[in-house]
Amino acid sequence: MEEQIKRLLATVIHPETGTDLVSGGYVERIAASEAAITLTLRFPKSRDPFAVKIKNTVEQLLAEHFPSAKVLVIVREGGAAPRPEPKVRSSAADITRIIAVASGKGGVGKSTVAANLAVALRDLGFRVGLLDADIYGPSQPKMFGVEGYVPDAEQEEGVDRIVPAVAQEIRLMSIGFFIRPTDALLWRGAMATNALKQMIHQTKWGPLDFLVCDLPPGTGDIHLSIISELKIDAAVIVSTPQQMAVADVVRGIEMFRNEQVAIPIAGIIENMAWFTPEELPDNRYYIFGRGGARRVAGEYGVPFLGEIPLVRSLMEGGEEGRPAAAIDPRVGERYREIADRIVGSVMKEGR
Ligand code: ADP
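Note that the structure is a prediction, hence the values are computed from the model and not measured.

Rules used in this analysis
- Along each chain, numbering runs from 1 in the same order as the chain's sequence is written.
- Confidence filtering applies because this is a predicted model: local features only for residues at pLDDT of at least 70, side-chain atom pairs given and counted only at 80 or more, and all residues used for totals across whole chains, interfaces and linings.
- The side-chain numbers reported here are obtained from all heavy atoms of the structure, hydrogens and water having been left aside.
- What counts as a helix is a DSSP run of H or I of at least four residues, what counts as a strand is a run of E of at least two, and both are numbered from the N terminus.
- Two things to know: the radius of gyration comes from C-alpha atoms, and the globule rule equals 2.2 Å times the number of residues to the power 0.38.
- Using a 1.4 Å probe on the protein chains alone, a residue whose accessible area is under 20% of its type maximum counts as buried, one over 50% counts as exposed, and one in between counts as partly exposed.
- Here, residues are in contact when the closest pair of their heavy atoms is within 4.5 Å.
- Under the convention used here, a 1.4 Å probe and the Shrake-Rupley method define accessible areas, while residue burial counts only the protein chains that appear.
- We count Lys and Arg on the positive side and Asp and Glu on the negative side, and we leave His and both chain ends out.
- Every charge is mapped to an atom, namely NZ of Lys, CZ of Arg, CG of Asp or CD of Glu.
- By definition, two strands form a pair when at least two bridges between them are found by DSSP.
- Axes here refer to lines fitted to C-alpha atoms; in helices the fit is confined to the stretch in contact. Angles between the N-to-C directions go from 0 to 180 degrees.
- We call a residue near a given molecule or strand whenever any one of its heavy atoms falls within 4 Å of it.
- Counting of polar contacts relies on pairs of N or O atoms within 3.5 Å, with two restrictions inside protein: one atom must be capable of donating a hydrogen and the other of accepting it, and residues adjacent in sequence are counted only when both atoms are side-chain atoms.
- Nonpolar residues are Ala, Val, Leu, Ile, Met, Phe, Trp, Tyr, Cys and Pro. Charged residues are Asp, Glu, Lys and Arg, and all others, Gly as well, are polar.
- Multiply 1.5 Å by the residue count of a helix minus one, and that product is the helix's expected span.
- Each reported salt bridge corresponds to a side-chain nitrogen of Lys or Arg within 4 Å of a carboxyl oxygen of Asp or Glu.
- Among the buried residues, those of types Ala, Val, Leu, Ile, Met, Phe, Trp, Tyr and Cys that are joined through side-chain atoms within 4.5 Å form a nonpolar core.
- Either an automatic procedure or a domain database provided the assignment from which the domain bounds are taken.
- Throughout, right-handed denotes a crossover for which the path from the first strand over the helix to the second runs clockwise when the strands point away from the viewer.

Our next topic: the overall build of the chain. A tally of helices and strands in the chain yields 11 helices and 13 strands. By the compact-globule yardstick of 20 Å for 351 residues, the chain fits well, its C-alpha radius of gyration being 20 Å. By its C-alpha atoms, the chain is 65 × 60 × 40 Å across when sized along the principal axes. Relative to its 351 residues, the chain shows a buried fraction of 53%. By sequence separation, contacts in the chain at least 24 residues apart represent 74% of the contacts at least 6 residues apart. Carbon together with sulfur atoms contributes 50% to the accessible area of the chain, which is approximately 16100 Å² in total. Side chains of the chain carry 40 positive and 45 negative charges; the gap between the two charge centres is 3 Å.

Pasting the structure below:
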């Protein structure tokens, strides 16, 4: 499929330079699946007057040839990815975009969503890292089957770097690697904040397109500390239909919208939106009520990103150390659509 896309791109000529997009080196990255094509074009000149026209032409061309795929064309300008100076020169400096996954309460599936979102972004062809900052219940090591992992330290240009676990091609760093489950309560407050700072700035992430950050549930000091350490580009809020109406979700929205914080909200995901039993895959039982997320999204002017059903594979995937998006095609597709929307929203913000 990638070859086919390249052949198409080779037919598009840049009017000024006279070269086609492939041989002119404009194609930075192609990520293609049946469901989605994400293409990054880089124009060496900033404000290239032909960039928009070329983007439209390419979008049209891809849409014509791959009618079933969602097409996203990202335009980047200049020699390097535009990114404001990070607050601290840290190992997080090589990360293009940071997406925080938040929830009003625990148990709504925030960690499951973060894990599957990371897998979906990987499936779109991006280099992905996952930072598990949920000090109250770090569950990513289990979700990715790396529970026993003990991070090594490595010297890099004279500074100590912590080596992340790698699972499903995703670089994973979790507060869970440093604490025992029974310790969790002790780690609240200053200790956890310090440990998180180190994880953020000293992890040997390498170059990443996206870092997904699994925040603790609720809103609190730990959030403010993470927000001040990491330049988060977008927040995703996860809720179940039941929890949707409660004040915690709204508090989450308000936290990101706070003047001092000002993190764009990519949208709300409704998890456990309905139940589908394995033997009746086409049936939907709205056991927790219906449509709550759309309503809240509309009320607060926040995009609605999509709904994830309550399915066994999602629960089992978490238990078995392989997120369902990686093994269950139905789940995978839902997550890919959501990931596409998030990528679109993050790129549009262009912060
Ligand atoms: P949180 O991070 O919000 O505390 P988790 O992601 O740990 O929540 O999810 C809580 C439990 O619900 C886990 O056992 C998980 O496997 C399960 N779960 C989450 N989302 C789904 C879903 N859509 N379908 C089935 N089980 C789910």
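Next, the rest of the story.
The next thing to look at is the sheet that holds strand β5 (residues 128-132). The strand order β8-β9-β5-β10-β4-β11-β12-β13 describes an open sheet built from eight strands, whose pairing is mixed. Across the chains shown, the open sheet's two edge strands, defined by having one partner strand only, are β8 (165-167) and β13 (304-310). Ignoring strand direction, the axes of neighbouring strands in this sheet form an average angle of 25 degrees. Where β8 meets strand β9 (residues 170-174), three bridges bridge the pair, whose relative direction is antiparallel. Residue Ala167 lies in a different strand from β9, and its bridge partner there is Ile170. Across the sheet, helix α8 (residues 247-257) is in contact with β4 (95-103), β11 (234-239) and β12 (265-275); its angle to β11 comes to roughly 175 degrees.

Attention now moves to the site of the ligand. Of all residues adjacent to the ligand, which total 16 residues, the nearest are Gly107, Lys110, Ser111, Thr112 and Pro309. Ser111 has a polar side-chain atom sitting 2.7 Å from an oxygen atom of the ligand. In the environment of the ligand, an oxygen atom lies 2.6 Å from a nitrogen or oxygen atom belonging to the side chain of Thr112. Coverage of the ligand by the protein chains reaches 80% of its 560 Å² of free accessible surface. Taken together, the elements giving at least two residues each to the shell around the ligand come down to α3 (110-123), β12, β13 and α10 (312-320). Here the residues of the shell around the ligand are counted per class, giving nine nonpolar, six polar and one charged.

Positionally, Asp233 belongs in the loop between α6 (221-229) and β11. For Asp233, a relative accessible area of 3% puts it in the buried group. Among the polar contacts listed, one links the side chain of Asp233 to the backbone nitrogen of Ile98, at a separation of 2.7 Å. Polar side-chain contacts of Asp233 include one of 3.2 Å to the side chain of Lys231.

Now for the sheet that holds strand β3 (residues 70-77). Across the sheet, three strands lie side by side as β1-β2-β3; this open sheet has mixed pairing. Lying at the two open borders of the sheet, with one neighbouring strand each, are β1 (27-32) and β3. Across the sheet, the mean angle from the axis of one strand to that of its neighbour is 10 degrees, orientation sign disregarded. Sitting on the sheet, helix α2 (residues 51-65) is in contact with β2 (36-43) and β3, with an inclination near 160 degrees to β3.

The next subject is helix α5 (residues 190-202). Here α5 is 13 residues long and its end C-alpha atoms lie 18 Å apart, about the 18 Å a rise of 1.5 Å per residue gives. For α5, the complete set of buried residues consists of Ala192, Thr193, Ala195, Leu196, Met199, Ile200 and His201.

What follows covers the pattern of salt bridges. Across all of its chains, the model carries 20 salt bridges by this definition. Note that Asp209 is salt-bridged to Arg127, the shortest N-O span being 3.1 Å. One end of the pair, Asp209, is in strand β10 (residues 208-214); the other, Arg127, is in the loop between α3 and β5, and 82 residues separate them in sequence. We classify Arg127 as partly exposed; its relative accessible area is 37%. One continuous salt-bridge network, built from bridges that share partners, spans Glu28, Arg42 and Arg76.

Bringing the environment of Gly129 into the picture now. On the secondary structure map, Gly129 appears in strand β5. The exposure class of Gly129 is buried, given its relative accessible area of 0%. For Gly129, the contacting residues outside a window of four places in its chain are Ile170, Arg171, Trp205, Leu208, Phe210, Leu211 and Val212.

On to the nonpolar core, then. Core analysis: the biggest nonpolar cluster contains 89 residues, and Leu121, Leu131, Phe144, Leu230, Phe256, Ile342 and Val343 have the highest contact counts within it. In this structure, this core is formed jointly by two domains, domain 1 (2-77) and domain 2 (91-348), each of which donates at least three residues. In this view, Leu230 contacts Ala92, Ile98, Leu131, Ile200 and Cys213; residues no more than four positions away in its chain are not counted. Leu9, Leu21, Tyr26 and Ile54 belong to the second largest nonpolar core, which has 19 residues in total.

A few words on the pairing of β13. Extensive coverage of β13 is indicated by the burial of six of its seven residues. Sheet analysis places β12 next to β13, joined by five bridges and oriented parallel. Within the sheet, the bridge partner assigned to Glu270 lies in β13 and is Glu307. Handedness of the crossover is the feature at issue here: the chain leaves β12, passes through helix α9 (residues 292-300), returns alongside β13, and the resulting connection is right-handed.

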